[in-house]
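Survey of secondary and tertiary structure
Listed below are the residues making up each chain.
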Amino acid sequence: QVQLVESGGGLVQPGGSLRLSCTASGSVASFYAMGWFRQAPGKQRELVAEIIHPNNVYYRDSVKGRFTISRDNVKNTVYLQMNSLKPEDTAVYYCSAKRDVALGYLYWGQGTQVTVSS
């Protein structure tokens, strides 16, 4: 059973930075893709960024140029570096993994709260 554990959330002022980490119980290199999603109150969960085998990355338009997704295969960890944070980035952020191109994101972490407020 795959386990994903997120960390690094918190309260930050607008313009600040946070780095989220997601550590997997298995090898992150074995996954076809790993992604970061977020869900704000009253809104649907949305894909923020994903890294697809071997190292192709995708970002939603609203975070391009501010967020960076990366993977450390030795530490079995995926990161989301978030810079120039805005109040609208406030949400619970979830890490997820996809085993195969034909499957969806089936494995999820418990989520970590990110609050951007002055």
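Read on for an overview of the structure. (Residues numbered from 1 in each chain as written. Predicted model: local features only at pLDDT ≥ 70, side-chain atom pairs only at ≥ 80, totals over all residues. Heavy atoms only, no water.)

**Comments concerning the sheet that holds strand 3 (residues 18-24)**
Rules: By the convention used here, strands pair only if DSSP detects at least 2 bridges between them. Helical segments are the DSSP runs of H or I of at least four residues, strand segments are the runs of E of at least two, and each set is numbered from the N terminus. An axis is simply a line fitted to the C-alpha atoms; with a helix, the fit covers only the stretch in contact. Between two such axes, the angle follows the N-to-C directions and lies from 0 to 180 degrees.
If you walk across this open sheet you meet the four strands as 1-3-8-7, and the pairing is antiparallel. Because the sheet does not close on itself, it has two edges, and the strands there are strand 1 (4-7) and strand 7 (67-72). The sheet shows a mean angle of 15° between the axes of neighbouring strands, taken without regard to direction. Pairing of strand 3 with strand 8 (residues 77-82), which is carried by six bridges, proceeds in the antiparallel orientation. Bridge pairing in strand 8 places Leu18 opposite Met82.

**Quick word on the side chain of Arg38**
Cut-off, in case you're wondering: Two N or O atoms count as a polar contact when they lie within 3.5 Å, although within protein this holds only if one can serve as hydrogen donor and the other as acceptor, and sequence-adjacent residues are included solely when both atoms are side-chain atoms.
Take Arg38: it is sitting in strand 4 (residues 33-39). Within the local environment of Arg38, its side chain forms a polar contact with the side chain of Asp89, the two groups lying 3.0 Å apart. For Arg38, the side chain forms a polar contact with the side chain of Tyr93, separated by 3.0 Å.

**Topic: the environment of Asp100**
For the record, the criterion: A simple rule labels every residue: compare its accessible area, found with a 1.4 Å probe on the protein chains alone, to the largest value its type can have, and call it buried under 20%, exposed over 50%, or partly exposed in between.
Locating Asp100 in the fold gives a position in the loop between strand 9 (91-98) and strand 10 (107-108). The class for Asp100 is partly exposed, based on a relative accessible area of 35%. Taking the C-alpha atoms as reference points, Asp100 and Ser70, separated by 30 residues in sequence, lie 19 Å from one another. Within the structure, Asp100 has its side chain in polar contact with the backbone nitrogen of Ala102 (distance 2.8 Å).

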